[in-house]
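A look at the structure
So you can see what is in the structure, the chains are spelled out below.
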Amino acid sequence: MSDRYDHLTIEPKWQKKWAEAKLYQVTEDAAFPKEKRFYCLDMFPYPSGAGLHVGHPEGYTASDILCRYKRMNGFNILHPMGWDAFGLPAENYAIKTGTHPAVSTAKNITNFRRQIQAFGFCYDWSREIDTTDPEYFKWTQWIFLQLYKKGLAYEANMPINWCESCQTGIANEEVKDGCCERCGGTVVKKDLRQWMLKITAYAERLLNDLDLLDWPEPIKLMQRNWIGKSLGAEVDFELVAGSDTSTPLSVLKIFTTRPDTLYGATFMVVAPEHTLLEEITTPEQKQKVQEYVRLSRLKSDLERAHLDKDKTGVFTGGYAVNPVNGAKIPIWVADYVLISYGTGAIMAVPAHDERDLAFAQKYNIPVITIFGEDGKASNSEKYNGLTSAEFKEKITADLEKKGVGQKTVNYKLRDWVFARQRYWGEPIPLVHCPQCGVVAVPENELPLKLPAVDRYEPTGTGESPLANIPDWVNTKCPQCGGAAKRETNTMPQWAGSSWYYLRYIDPRNQTELADKNKLAYWLPVDHYIGGAEHAVLHLLYARFWHKVLFDLGVVSTPEPFQCLTNQGLILAEDGQKMSKSRGNVINPDEVIRDYGADAMRLYEMFMGPLEMAKPWSTKGILGVRRFLDRVWNIFEQKKISDELADEELLKILQQTIKKVGEDINNLSFNTGIAQLMIFINAAQSRETLSKKTAEDFLKLLAPYAPHLAEELWEKLGHKTSIHLERWPEYDAKYLTTAEVEIVFSVNGKARGAQKAAKGLSQAELEKLALANPAVQKYLAGKTIIKKIIVPDKIVNFVVG
């Protein structure tokens, strides 16, 4: 009889048995009503060469505990796992070593799978997917073709974010603090032929449908701000040659949220990329403007738009005519105006905009105030005396009547830069034909696979390595049969992850993306768990693709993920983020070897609230491991009998059943684990345990420590898995809340006391105190300045 939990023997034993029994495989069983179906999804990992670190399993453990609990409460559970396997790291490794990305990716997946399975997670591995599998990306390509056919995928030559290190274009959402989100390299602007996805066509729906979701408010706010809806007016300013208003040129359109300040516009600003800049610029200013544009292209959008940045610009020599008063307004080029917002041009009103004011003060441009302290308009001719709201409504209507403006909704969201100039990604299934233009690859020819190559280096010219493979590039037009060339850009890593949750539902279907009945059975995803860093990347892209598929009738829900939880980072013991360069990475293989998977699972949930960042502590996992050994010892050494449990222990057990269940439902695990420890401390002092009490405790432990619970369940004589058992129900009669005495005081002097239920909220305690006659006597005619409330102890009123 061992006095320690032998994790090295027990954990592999049960992992093997569960796999052989296919314990966690699931089918679309119609016997489960809709409310008893639960689709729980983890953000699938990129299988890097470094393998898992201890931060990865945090979210996986939380979802595993939740799924085990739900299964024991009669739910049919879909809990899958797969691999987000396309991406630059594998390609960069191929460039360095000559190893094909498919080879290194397969090796990394094998390692990741081994590491994840060592935790005993209840994934249905029969549904495993890999985004680099042709049978998977066939449907990624199919979705792209639907986007193309709906006019939501288009080709454009435009300045894009270019990572000088990765040698590829990247989306706006992938630029962080002016650097590449993946490699940290410098990002500049570069004119390239690009494939774009028209996510802006769904901006309003993406914004409004956030209200349907049970997501953390900060994440919803990030998406709302990224979409950036603004209500205002689009106004036409006629361009003139120099200061001569008699020779009109083109019209400069601007978007403003403040048409009520049109009379205060003293200069105009266009972005360096604006298409009219060359026409606006006079010969005398041409050289200065060109040099300014060149320098601006070396900056990221974030650097250019930063509020604290010193504002710079160059006068173009051109002017525009203010449509409300005919005033000639000088036009400047300045990089704080972005081509990606509005029309890429603004009317500058320095009296009512901080950035415009800083610019005007630097370049000695006049300032005209429209609204003073009284909130009424001035210097605005017939609009004087109006409030801002009145002014906006009236002037917008007048602009529309004159044909020089209109009420407009603008979005900060830009179309998604979808093409990548690299090898290791899904080929875009399009052909360029001199006669027919761009032609879609026939759907029955999908998947379009990558060719085998010997070199993976990016060309650096804006073309992908595929452009250097004539045998693959040169093809026949599917429409006319003539000579044509394949599209050589590939899709970004975000493509495969934008719909993977759908393929889990029907992963081996070869005739359609997924069976509609199966999709209807499981969707939407009930609970999605992953990092907050994907707020405006994966989560926004997946919502966009889902809505397109909804419009196509492929899916029947307007949103993909109903509930979202973001887990916090697990930091190193020194409180810093784990990284190889700091030498502070904790390898989960070593933790499992030394302490066991159950100990690591339990510890990561005991560290603190799931959403919070917290530092790893070897001392902490030692404490959790000792707890598991105590559980083992109690079941090994105590007598388990059919006698009824004593009342005190039974009461603690009922409290534990209630607390653990509530905490798991709320993904708040640490207090439930503490309650399990309280029960074990009480059980240690007993010579015997009733079998019913022992069994109920093991059921509570099972979601957290599935291997230990299964082993002890078997030792109690059971032949079927504990994970197929029903969750125990608590008896409410044992949950009577203890009473405490609350002291009521005024200005620090006790004026009364009263028995009350333990655990009342501060608001409830305050209400109780104010209703007390003795307190009322000392508060009569006084003003309460401050309230000091200590739960379960005291309520003190400070009065004047």
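For clarity, every value in this text was computed on a predicted model and none was experimentally measured. (Residues numbered from 1 in each chain as written. Predicted model: local features only at pLDDT ≥ 70, side-chain atom pairs only at ≥ 80, totals over all residues. Heavy atoms only, no water.)

1. Side note on the overall build of the protein
The secondary structure content of the protein amounts to 26 helices and 31 strands. Dimensions of the protein along its principal axes, counting C-alpha atoms only, are 105 × 90 × 50 Å. The 800 residues of the protein split such that 54% are buried. Of all intrachain contacts in the protein linking residues separated by at least 6 positions in sequence, the fraction that spans at least 24 positions is 74%. Looking at the protein as shown, the accessible area adds up to about 34700 Å², and 51% of this sits on carbon and sulfur atoms. The distance from the centre of the 97 positive side-chain charges to the centre of the 101 negative ones in the protein is 2 Å. (Helix = DSSP H or I, 4+ residues; strand = E, 2+ residues; numbered from the N terminus. Buried < 20%, exposed > 50% of the residue type's maximum accessible area, 1.4 Å probe, protein only. Contact = heavy atoms within 4.5 Å. Areas by Shrake-Rupley, 256 points an atom, 1.4 Å probe, with all protein chains shown as cover. Lys, Arg positive; Asp, Glu negative; His and termini not counted. Charge placed at Lys NZ, Arg CZ, Asp CG, Glu CD.)

2. Describing the domain arrangement of the protein
Assigned domains within the protein: domain 1 (31-131 + 499-582), domain 2 (141-158 + 189-225 + 420-493), domain 3 (229-411) and domain 4 (739-799). The centre of domain 2, based on its C-alpha atoms, is set 36 Å off from the matching centre of domain 3. Counting the contacts that link domain 2 with domain 3 gives two salt bridges. For the side of domain 2 that touches domain 3, the elements supplying multiple residues, two or more each, are β9 (187-197) and α6 (203-208). Its residues placed into classes, the side of domain 2 that touches domain 3 shows two nonpolar, no polar and five charged. (Domains from an automatic or database assignment. Salt bridge = Lys/Arg side-chain N within 4 Å of Asp/Glu carboxyl O. Nonpolar A, V, L, I, M, F, W, Y, C, P; charged D, E, K, R; others polar.)

3. Looking at the sheet that holds strand β29 (residues 749-757)
Read across the open sheet, the four strands follow the order β29-β28-β31-β30; overall the sheet is mixed. Each edge of the open sheet carries a strand with a single partner, namely β29 and β30 (784-790). Taking each pair of neighbouring strands and ignoring which way they run, the sheet shows an average axis angle of 15°. Here β30 pairs with strand β31 (residues 794-799) via six bridges, running antiparallel. (Pairing = 2+ DSSP bridges. Axes fitted to C-alpha atoms, helices over the stretch in contact; angles between N-to-C directions.)

4. Notes on the state of the cysteines
Enumeration over the complete set of coordinates arrives at zero disulfides. Among the cysteines around Cys480, which has no disulfide bond, Cys436 carries the closest sulfur, lying 3.7 Å off. (Disulfide = S-S within 2.5 Å.)

5. Describing the pairing of strand β5 (residues 153-163)
Bridge count for β5 against β9 is eleven bridges, and the pairing is antiparallel. Bridge assignment links Ile160 to a residue of β9, and that residue is Lys190. Where β5 folds back onto strand β6 (residues 168-170) in an antiparallel hairpin, the turn is made up of four residues, including Gln167, whose phi is positive at roughly 55°.

6. Some words on the pattern of salt bridges
Close approach of charged atoms allows side chains of opposite charge to pair. The final tally for this structure, using the stated rule, is 40 salt bridges. For Lys362, the salt bridge is made with Asp310, and the minimal N-O distance between the two is 3.0 Å. Placement of Lys362 in helix α11 (residues 354-362) and of Asp310 in the loop between α10 (301-305) and β13 (313-321) is noted, with a sequence separation of 52 residues between them. Taking the relative accessible area as the measure of exposure, Lys362 reaches 38% and is therefore partly exposed. It is possible to trace a salt-bridge network through shared partners that takes in Glu155, Arg193, Glu463 and Glu487.

7. Re the sheet that holds strand β20 (residues 474-476)
The sheet built from four strands is open, its strands ordered β19-β18-β21-β20 with antiparallel pairing. The sheet is open, and its two edges are formed by β19 (437-440) and β20, each paired on a single side. Pairs of neighbouring strands in the sheet enclose a mean axial angle of 45°, with direction left out of account. In this sheet, β19 lies alongside strand β18 (residues 430-433) in antiparallel orientation, the contact comprising four bridges. Bridge assignment links Val431 to a residue of β19, and that residue is Val439.

8. Side note on the UniProt feature "binding site: ATP" (unreviewed entry) in the protein
Mapped onto this numbering, the UniProt entry annotates "binding site: ATP" (unreviewed entry) at Lys580. Relative to the helices and strands, Lys580 is located in the loop between β24 (570-571) and α18 (588-595). Under the relative-accessibility criterion, Lys580 is labelled exposed at 71%. When sequence neighbours within four positions are dropped, the list of residues in contact with Lys580 reads Ala50 and Val585. (UniProt positions renumbered as here; feature names shortened; annotations may be inferred.)

9. A few points about the packing of aromatic side chains
Inspection of the entire model under this criterion finds 45 aromatic pairs. Relative to Trp424, the ring of Phe86 has its centre 4.9 Å away and its plane inclined at 65°; by these criteria the two rings are edge-to-face. Of this pair, Phe86 sits in the loop between β3 (82-83) and α3 (88-97) while Trp424 sits in the loop between β17 (416-417) and β18, and the two are 338 residues apart along the sequence. Measuring from centroid to centroid gives 6.5 Å for Trp416 and Phe544, while their planes differ by 65°, and the two rings are edge-to-face. Placement of Trp416 in strand β17 and of Phe544 in helix α17 (residues 538-552) is noted, with a sequence separation of 128 residues between them. (Phe/Tyr/Trp six-rings, centres within 6.5 Å; stacked < 30°, edge-to-face > 60°.)

10. Section: the nonpolar core
In terms of nonpolar packing, the biggest core is built from 163 residues, with Phe144, Trp416, Trp545, Trp616 and Phe669 touching the most fellow members. Both of domain 1 (31-131 + 499-582) and domain 2 (141-158 + 189-225 + 420-493) provide at least three residues apiece to this core. (Core = buried A, V, L, I, M, F, W, Y, C linked by side-chain atoms within 4.5 Å.)

11. Topic: the side chain of Gln421
Assignment of secondary structure puts Gln421 in the loop between β17 and β18. Non-local contacts of Gln421, meaning those with residues more than four positions away in its chain, are made with Trp162, Gln167, Thr168, Gly169, Leu192, Gln194, Pro458, Gly462, Glu463, Ser464, Pro465 and Asn489.

12. Looking at helix α22 (residues 670-684)
Spanning 15 residues, α22 covers 21 Å between terminal C-alpha atoms, matching the ideal 21 Å at 1.5 Å per step. Among all positions of α22, only Asn670, Gly672, Ile673, Gln675, Leu676, Met677, Phe679, Ile680, Ala682 and Ala683 are buried. (Expected span 1.5 Å × (residues − 1).)

13. Quick notes on helix α9 (residues 286-296)
Of all the residues in α9, the buried ones are Val289, Tyr292, Val293 and Ser296. Seen end-on, α9 carries its buried residues on one side only, within an arc spanning 100°. (Arc of directions from axis to C-beta.)

14. Structural notes on the pairing of β29
As paired elements, strand β28 (residues 739-746) and β29 share eight bridges and run antiparallel to each other. Residue pairing across strands places Val743 opposite Ala753, the latter belonging to β29. Linking β28 to β29, which pair antiparallel, is a turn of two residues; within it Asn747 sits at a positive phi near 50°.

15. A few points about the packing of helix α7 (residues 217-227) against α17
Between α7 and α17, whose axes approach to 11 Å, the crossing angle comes to 70°. The angle between the axes of α7 and α17 places the two elements in the roughly perpendicular class. Of the residues in α17, those touching α7 at Ile219, Gln223, Trp226 and Ile227 are Leu539, Leu540 and Arg543. (Parallel < 35°, antiparallel > 145°, perpendicular 65-115°, else oblique.)

16. So, the packing of helix α1 (residues 7-21) against α18
Where α1 meets α18, the axes come as close as 8 Å, and the angle between the chain directions of the two elements is 115°. The angle between the axes of α1 and α18 places the two elements in the roughly perpendicular class. Where α1 approaches α18, its residues His7, Leu8 and Glu11 are matched on the opposing element by Ile592, Arg593, Asp594 and Tyr595. Of the residues that constitute the contact of α1 with α18, the class distribution is three nonpolar, one polar and three charged.

17. Considering the side chain of Thr266
With respect to the helices, strands and loops of the structure, Thr266 is situated in the loop between β11 (244-256) and β12 (267-270). According to the relative accessible area criterion, Thr266 is buried, its value standing at 10%. Looking at Thr266, its side chain comes within polar contact range of the main-chain oxygen of Pro366, at 2.9 Å. Look past the residues within four positions of Thr266 in its chain and what remains in contact with it is Ile329, Pro330, Ala348, Pro350, Ile365, Pro366 and Ile368. (Polar contact = N/O pair within 3.5 Å; in protein donor to acceptor, adjacent residues only side chain to side chain.)

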